[in-house]
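Report on the structure
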Amino acid sequence: LPPRSAGRRFFPFQYRAPAQTLPPPHPAGIFRRALSTLPVGPPHLPSTQPASLEATASRLESVSPRPLSLKYRRGRRLDPRLRCEVPPFHMESTAEGLQPRTFSVKLWPPSESTRLMLVERMTKNLSAECIFSRKYGILSKEEAHENAKRIEEVCFASAEEHFKKEPDGDGSSAVQLYAKETSKLMLEVLKKGPRTTEEPEAPVVDTPLEPADTVFDISGGKRAFIEAEEAKELLSPLTKPGNSYKRICFSNRSFGIGAANVAGPILESIKSQLTEVDISDFVAGRPEDEALDVMRIFSKALAGSVLSYLNISDNALGEKGVRAFTELLKSQGDLEELYVMNDGISEEAAKALSELIPSTEKLKVLHFHNNMTGDEGAMPIAEMVKRSPNLESFRCSATRIGSDGGVALAEALGTCTRLKKLDIRDNLFGVEAGVALSKTLPKLGGLVELYLSDLNLENEGTIAIVNVLKQSAPQLEVLEMAGNEITAKAAKAVAECLTAMQSLKKLTLAENELKDDGAVTIAKSLQEGHPDLKELDVSTNLFQRSGARCFAQAVTNKPGFVLLNINSNFISNKGVDEVKEILKGGKNSLEVLGPLDENDPEGDPEDGEDEEDGEDADDEEKDGDDNGDGGLGSKLQGLKVEEED
């Protein structure tokens, strides 16, 4: 064969003889080259090497023309397996001229020995150390072989079915699919990690991996406009008879009218099999009239489908956009997940949404993040929440909701007794809505994650909430209450709540005003217990050396702790050194300490405030000194702060 460097392109499935009297390649060489270019594992695993297909090559050779003796051409020794007797039609005289001839090979199905070889190679790769095994754990050889065999059977069946649809083809696309699906399923197994001792060992037939061709996703790559011709090509897999696509994602591609007219009939033909539809960010950059027409086309095409998941985020809908989806929304009575984020949902749009969706009784996830809802828009959203008793995750963050809307939402959430995750960050609730929320929280006994940052709760709202949480949600794993103007006056109530939350994994109290007094109180509540705590963020809290040391001491011996953020405070250089020594002396290394680039070692937490006693604020750094520390010395006596040698 001519070398690749000679400028000739190599086609693995079709060969044209060059002008020289070089015979066609041996079929084994073609099959070897074809499969050697395909990955049989995730990107981090080595691809199949030609030598690994020795059995297949030998099988093909056994039924092929006998090899000739070794030849030399242009100083290079040719592989004897790529040399064979020249067929009679190559023996014509040079006067008559040589005509290029076509040489084709069937590449599917692979032999049984090739399939067994693939299983062995996958077993080796699945049980070898790699970046995934370091993160998720390494599989035993027995478990790896079990998974490899299951993956090969699933992928072979999928590729065989694909090959039956193109019986006249050379099998190249089936080989491609075989290798591609193998890689995907191997990656899933690696990410799942080894089977734990608690997991029952289920039979292979009971845990089949879902073939990857149930998901159709064109969201990868750069954002781009799509017109009719490109839409025909992109969506062509959806037109194949018997396809099994259940989930589609058209996000990140902007459809024009032409592309929508192509997509509409295709979606209508498969809507009965669809269960999940993601059409977020699919009209970006289009004029309003065109975007609305595109939405109507998609809505009409998908109307009547029985969806469990619908994502229409990032489309700048407004009321017009919501009503453009009228046919689709009115037909959805079984939704379990609905995402309407960053959609310009105003009061009118929220009313339209609440009006159009016939039933939300099965809804488990409802996300409204980053809209301009306001108090007025919060009312229809609250009505939707009331009608969603099975809600498990509710997100209504950054929606400009004030006190009245916050009270309405808080009361509506009382019907969602199965709620596990509540995220209402970055709104204007204030104290009144915070108190209203505290009356609802006892009904939410299953909460695992609670995000209440930037709600202007102040001390009163904060105290009302934490007093309830210590009784109703001791199982909480994530608590965020940053940016609520919490001072040392509320620190005792917060500390008592944290003492009860022994399952806490992440705590965020950043951007408050705890100062040293509040910091020491809260740090003391975290020192004992809390074995699962991984992250603590108390940045921007006006504390100094004493508060910093206490937080370091609180986390230094917690197994698995990963991040302590005490940045943007007023910790002296000596205090920073002491924090580092405490962390070095504990079970955790210094690596858990976050950056201190915005710490102000010479800053004064009392700057800009009236000092009641007129004493220098630096006195706050003196441990055990009764002068000007507001009783801080007595608090420190009760906290174990070990001095390093």
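Remember, it's a predicted structure, so these values are computed and weren't measured experimentally.

What counts as what
Residues numbered from 1 in each chain as written. Predicted model: local features only at pLDDT ≥ 70, side-chain atom pairs only at ≥ 80, totals over all residues. Heavy atoms only, no water. Helix = DSSP H or I, 4+ residues; strand = E, 2+ residues; numbered from the N terminus. Buried < 20%, exposed > 50% of the residue type's maximum accessible area, 1.4 Å probe, protein only. Areas by Shrake-Rupley, 256 points an atom, 1.4 Å probe, with all protein chains shown as cover. pLDDT = per-residue confidence, 0-100. Contact = heavy atoms within 4.5 Å. Polar contact = N/O pair within 3.5 Å; in protein donor to acceptor, adjacent residues only side chain to side chain. Axes fitted to C-alpha atoms, helices over the stretch in contact; angles between N-to-C directions. Parallel < 35°, antiparallel > 145°, perpendicular 65-115°, else oblique. Nonpolar A, V, L, I, M, F, W, Y, C, P; charged D, E, K, R; others polar. Phe/Tyr/Trp six-rings, centres within 6.5 Å; stacked < 30°, edge-to-face > 60°. Lys NZ or Arg CZ within 6 Å of the ring centre and 35° of its normal. Patch = residues over 30% accessible without salt bridge, like charges linked within 9 Å, V, L, I, M, F, W, Y side chains within 5 Å. Salt bridge = Lys/Arg side-chain N within 4 Å of Asp/Glu carboxyl O. Lys, Arg positive; Asp, Glu negative; His and termini not counted. Charge placed at Lys NZ, Arg CZ, Asp CG, Glu CD. Expected span 1.5 Å × (residues − 1). Core = buried A, V, L, I, M, F, W, Y, C linked by side-chain atoms within 4.5 Å.

Below, the discussion takes up the overall build of the protein chain. Counting its secondary structure elements, the protein chain contains 21 helices and 19 strands. Residue burial in the protein chain is summarised as follows: out of 645 residues, 49% are buried. Of the roughly 30,700 Å² of accessible surface on the protein chain, a fraction of 50% belongs to carbon and sulfur atoms.

Atomic detail in the predicted coordinates should be set aside for any region of low pLDDT. For the protein chain, the average pLDDT comes to 79, and 74% of its residues sit at 70 or higher. For residues 610–645, every residue scores under 50 in pLDDT, and the model assigns this stretch 54 contacts once sequence neighbours within four places are set aside.

Right, let's talk about helix 12 (residues 347–356) for a bit. Owing to its 3.6 residues per turn, the α-helix brings residues three or four apart onto one side. Within the sequence span of helix 12, burial applies to Ala349, Ala350, Ala352, Leu353, Ser354 and Leu356. Residues of helix 12 that are buried sit in contact with helix 10 (318–324), helix 11 (326–330) and helix 13 (374–386).

Secondary-structure assignment places Val431 in helix 15 (residues 430–440). On a C-alpha basis, the gap between Val431 and Asn456 in space is 6.9 Å, while along the polypeptide they are 25 residues apart. Excluding residues within four positions of it along the chain, Val431 makes contact with Asn456, Leu457, Glu458, Glu460 and Gly461.

Right, let's get into the side chain of Asn541. Turning to its location among the elements, Asn541 is positioned in the loop between strand 18 (535–537) and helix 19 (545–555). A distance of 2.9 Å separates a polar side-chain atom of Asn541 from the backbone oxygen of Leu509. Side-chain polar atoms of Asn541 contact the backbone oxygen of Val538, separated by 3.2 Å. With residues near it in sequence (within four places) discarded, Asn541 still touches Leu509, Ala510, Glu511, Asn512, Glu513, Leu514, Lys515, Ser568 and Asn569.

Looking now at the side chain of Asn371. If you trace the backbone, Asn371 turns up in the loop between strand 12 (365–367) and helix 13. Of the polar contacts made by the side chain of Asn371, one reaches the backbone oxygen of His369; its length is 3.4 Å. Once residues lying within four places of it in the same chain are set aside, the contact partners of Asn371 are Val340, Met341, Asn342, Asp343, Gly344, Ile345, Ala398, Thr399 and Arg400.

To continue, consider the packing of helix 17 (residues 491–500) against helix 18 (residues 515–527). As a packed pair, helix 17 and helix 18 sit with axes 8 Å apart at the nearest point and diverge in direction by 10°. What the angle tells us is that helix 17 and helix 18 run roughly parallel. Seen from helix 17, the contacting residues are Ala491, Lys492, Val494, Ala495, Leu498 and Thr499; seen from helix 18, they are Gly518, Thr521, Ile522, Ser525 and Leu526. Class assignment of the residues belonging to the contact of helix 17 with helix 18 gives a composition of 6 nonpolar, 4 polar and 1 charged.

Tallying each qualifying case throughout the model produces 11 aromatic pairs. An angle of 25° between the planes, with centres 5.5 Å apart, marks the rings of Phe250 and Phe255 as stacked. Considered together, Phe250 and Phe255 belong to a single accessibility category, that of buried residues. Centre to centre, the rings of Phe250 and Phe298 are 6.1 Å apart; their planes meet at 85°, and the pair counts as edge-to-face. In this pair, Phe250 is assigned in the loop between strand 7 (247–249) and strand 8 (253–255) and Phe298 in helix 9 (residues 288–302), connecting sequence segments 48 residues apart. Within the aromatic cluster, the residues linked to one another by ring pairs are Phe216, Tyr245, Phe250, Phe255, Phe282, Phe298 and Phe325. The ring of Phe156 has Arg115 lying over it, and the distance from NZ or CZ to the ring centre is 3.6 Å.

A word on a negative patch on the surface. A contiguous patch of negative charge on the surface is contributed by Glu458, Glu460, Glu485 and Glu513. With a relative accessible area of 36%, Glu513 lands in the partly exposed category.

Moving on, we come to helix 20 (residues 573–585). With 13 residues, helix 20 ought to run about 18 Å at 1.5 Å a step, and its terminal C-alpha atoms sit 19 Å apart, in line with that. Contacts made by the buried residues of helix 20 are with helix 19.

Moving on, we get to the environment of Asn370. With respect to the secondary-structure elements, Asn370 resides in the loop between strand 12 and helix 13. For the pair Asn370 and Asp343, spaced 27 residues apart in sequence, the C-alpha separation works out to 7.7 Å. A distance of 3.2 Å separates the side chain of Asn370 from the side chain of Asn342, its partner in a polar contact.

Now for unusual backbone geometry. Despite not being glycine, Ala398 has its phi angle at roughly 55°, a positive value. Mapped onto the elements, Ala398 comes out in the loop between strand 13 (393–395) and helix 14 (403–412). Judged by its relative accessible area of 15%, Ala398 is buried. Within the chain, Leu542 stands out as a residue other than glycine whose phi angle is a positive 65°. With respect to the helices and strands, Leu542 occurs in the loop between strand 18 and helix 19.

With that settled, consider the packing of helix 19 against helix 20. Packing of helix 19 against helix 20 brings their axes to within 9 Å, and their N-to-C directions diverge by 10°. With respect to helix 20, the axis of helix 19 lies roughly parallel. In this structure, helix 19 uses Arg545, Ala548, Arg549, Ala552, Gln553 and Val555 to contact helix 20, whose residues at the interface are Lys574, Gly575, Glu578, Val579, Ile582 and Leu583. Considering only residue class, the contact of helix 19 with helix 20 consists of 6 nonpolar, 2 polar and 4 charged.

Another aspect to go through is the pattern of salt bridges. In total, this model carries 21 salt bridges according to the counting rule given. Note that Asp293 is salt-bridged to Arg296, the shortest N-O span being 2.9 Å. Pair noted here: Asp293 and Arg296 are both in helix 9, with a separation of 3 residues, about one helical turn. Here Arg425 and Glu480 are joined by a salt bridge, their closest N and O atoms 3.3 Å apart. Taken together, the positions of Arg425 in the loop between strand 14 (421–423) and helix 15 and Glu480 in strand 16 (residues 478–480) put the pair 55 residues apart, joining distant regions of the chain. Relative accessible area serves as the criterion here: at 8%, Glu480 is assigned to the buried category. In the salt-bridge network here, residues are joined through shared partners; they are Arg395, Asp423, Arg425, Glu480 and Lys506.

With that settled, the discussion passes to the nonpolar core. Residues Phe250, Phe255, Phe298, Phe394 and Leu479 are the most contacted members of the largest nonpolar core, which totals 126 residues. Apart from residues no more than four positions distant in its own chain, Leu479 is found in contact with Leu450, Leu469, Leu498, Met501, Leu504, Lys506, Leu507 and Thr508. Core analysis: the next-biggest nonpolar cluster, separate from the first, contains 21 residues, Leu107, Ala144, Cys155 and Tyr178 among them.

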